[in-house]
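Letter by letter, the chains look like this.
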Amino acid sequence: MNQSLLNGEQTTLIALTDRGLQYGDGLFETIALSAGQLTLWSYHIERLNAGCRRLAIPVPDESLLLKEAELLTKGVKQGVVKIIITRGSGGRGYRPPVSAEPNRIVTLHSWPDYPAAWFKTGVVLRLCQTRLGSNPSLAGIKHLNRLEQVLARREWSDPEIAEGLMLDGNGQVIEATQSNLFLLYDGQLVTPDLSCCGVAGTVRRLVMEVAQEQAIPLEISAVTLQQVRQADALFLTNAITGILPVKQFEKVRYDVTSIPTLLIEEVNKHLHR
């Protein structure tokens, strides 16, 4: 199914001088296509635009991106759309060229074949040795520099382990390699503070909004490994999996049934309209 557009033209080629390739100078979004609809489109565009402003890359035309995404997904019911914005081509050196013209890359991919049991009985989570570097100026946005996640994901090959938990340099729990984390204590949700590092996920945002609507107490704070081990339940979120319950972290097992059913149902309703 893999198809790609570069600035609206069907191609798999990009200039070797593109700063996204040279320096990771850009951003990306991964969007679920469900029942022919681009899920949480507005959330993704808001984060993409915020990232562009943070990196001083011209904000892309939303209508143009939507037109290109719809062109690729026409007649497709389920898949994954990835949007990449790079600063464009420039010469050697870190200093961004004043005249660079951003590149838009839109690609369509097949839906991943995740085991159905993951969503019912939960997944196994491990601890990664690779740490996340703290940098408030990059925190929250989905920039192209993903080497920390690449190194972390290299740490295991066991198919029984779905995700790896990542800490920052101070040993605080931040997120998983491709997911955000939520803990449940006595009916209260806790999710790590991402003001210094980590990606502020679109489904993380959705969960927080739904929790507020359902009057479920929620706290954004620093999270320790001890808190993770003592939680009543854990779940992961990302744009493709939605809510993914955790059944085990290290030797600790969790009660996946304690995650509020109404929360899961409402989040799924938004994701699978």
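Scope of this entry: the structure provided in the associated data block. As the structure is a prediction and not an experimental result, all values here were calculated from the model.

Here we take up the overall build of the chain. The helix and strand tally for the chain stands at eight helices and 15 strands. Against the 2.2 N^0.38 benchmark of 19 Å for 273 residues, the chain shows a C-alpha radius of gyration of 19 Å, consistent with a compact globule. C-alpha atoms of the chain, sized along the principal axes, occupy 55 × 45 × 35 Å. Residues counted as buried form 50% of the 273 residues belonging to the chain. When contacts within the chain are restricted to residue pairs at least 6 apart in sequence, those whose partners lie at least 24 apart make up 73%.

Attention shifts here to the sheet that holds strand β6 (residues 103-109). If you trace the six strands from one edge of the open sheet to the other, you get β2-β1-β6-β5-β3-β4, paired in antiparallel fashion. Pairing within the sheet leaves two strands with one partner each, and these edge strands are β2 (9-10) and β4 (37-38). Sheet topology places strand β1 (residues 3-6) next to β6; four bridges connect them, and they run antiparallel. Pairing of L6 across the sheet is with I105, part of β6. Here helix α2 (residues 41-55) sits on the sheet in contact with β3 (26-34), β4 and β5 (79-86), set at roughly 175° to β3.

Right, let's get into the pattern of salt bridges. Inspection of the entire model under this criterion finds nine salt bridges. Of the charged contacts, one joins E155 and R126 as a salt bridge, the two residues approaching to 3.2 Å between their closest N and O atoms. In this pair, E155 is assigned in the loop between α5 (147-153) and β8 (161-167) and R126 in strand β7 (residues 123-127), connecting sequence segments 29 residues apart. Judged by its relative accessible area of 26%, E155 falls in the partly exposed class. Measuring nitrogen to oxygen at the nearest pair gives 2.8 Å for the salt bridge that ties E250 to R229. Taken together, the residues span a long stretch of sequence, with E250 in the loop between β14 (242-249) and β15 (252-253) and R229 in helix α7 (residues 225-230) at a distance of 21 residues. When salt bridges that share partners are traced, they join R19, D25 and R87 into one network.

Take the packing of helix α6 (residues 202-213) against helix α8 (residues 261-271) next. Working note: a packed helix pair is described by the angle between its axes plus the distance between those axes. Interhelical geometry of α6 versus α8 gives an angle of 130° and a closest axis separation of 10 Å. Judged by the inter-axis angle, α6 sits oblique to α8. Handedness of the α6/α8 crossing: right-handed. When α6 is examined against α8, the residues V203, L206, V207, V210 and A211 are found in contact with a partner set consisting of L263, E266, V267, H270 and L271. Grouping the amino acids of the contact of α6 with α8 by side-chain chemistry returns eight nonpolar, one polar and one charged.

Right, let's talk about helix α3 (residues 62-73) for a bit. When the terminal C-alpha atoms of α3 are compared, their 16 Å separation across 12 residues agrees well with the 16 Å that a helix rising 1.5 Å per residue should span. Turning to α3, the residues buried within the fold contact β1, β3, β4, α2, β5 and β6. Of the residues trailing α3, G75 is marked for its positive phi of about 80°.

Residue placement: Q226 occurs in helix α7. For the pair Q226 and L33, spaced 193 residues apart in sequence, the C-alpha separation works out to 37 Å.

Bringing the environment of K82 into the picture now. Here K82 is to be found in strand β5. The exposure class assigned to K82 is partly exposed, which follows from its relative accessible area of 28%. Expressed as a C-alpha distance, the spacing of K82 and W111, which sit 29 residues apart in the sequence, is 12 Å. Those residues in contact with K82 that lie beyond four places of it in its chain are F28, E29, T30, I105, V106, T107 and H109.

What follows is about unusual backbone geometry. Notably, A35 is not glycine yet its phi reads approximately 50°, a positive angle. Considering the arrangement of structural elements, one finds A35 in the loop between β3 and β4. Overall, the relative accessible area of 46% leaves A35 in the partly exposed class. Despite not being glycine, L40 has its phi angle at roughly 55°, a positive value. By the element assignment, L40 lies in the loop between β4 and α2.

So, how was this worked out
Residues numbered from 1 in each chain as written. Predicted model: local features only at pLDDT ≥ 70, side-chain atom pairs only at ≥ 80, totals over all residues. Heavy atoms only, no water. Helix = DSSP H or I, 4+ residues; strand = E, 2+ residues; numbered from the N terminus. Rg over C-alpha atoms; globule rule 2.2 N^0.38 Å. Buried < 20%, exposed > 50% of the residue type's maximum accessible area, 1.4 Å probe, protein only. Contact = heavy atoms within 4.5 Å. Pairing = 2+ DSSP bridges. Axes fitted to C-alpha atoms, helices over the stretch in contact; angles between N-to-C directions. Salt bridge = Lys/Arg side-chain N within 4 Å of Asp/Glu carboxyl O. Parallel < 35°, antiparallel > 145°, perpendicular 65-115°, else oblique. Left-handed = near helix turned anticlockwise from the far one by under 90°. Nonpolar A, V, L, I, M, F, W, Y, C, P; charged D, E, K, R; others polar. Expected span 1.5 Å × (residues − 1).

What is shown is where atoms sit, not what they do.
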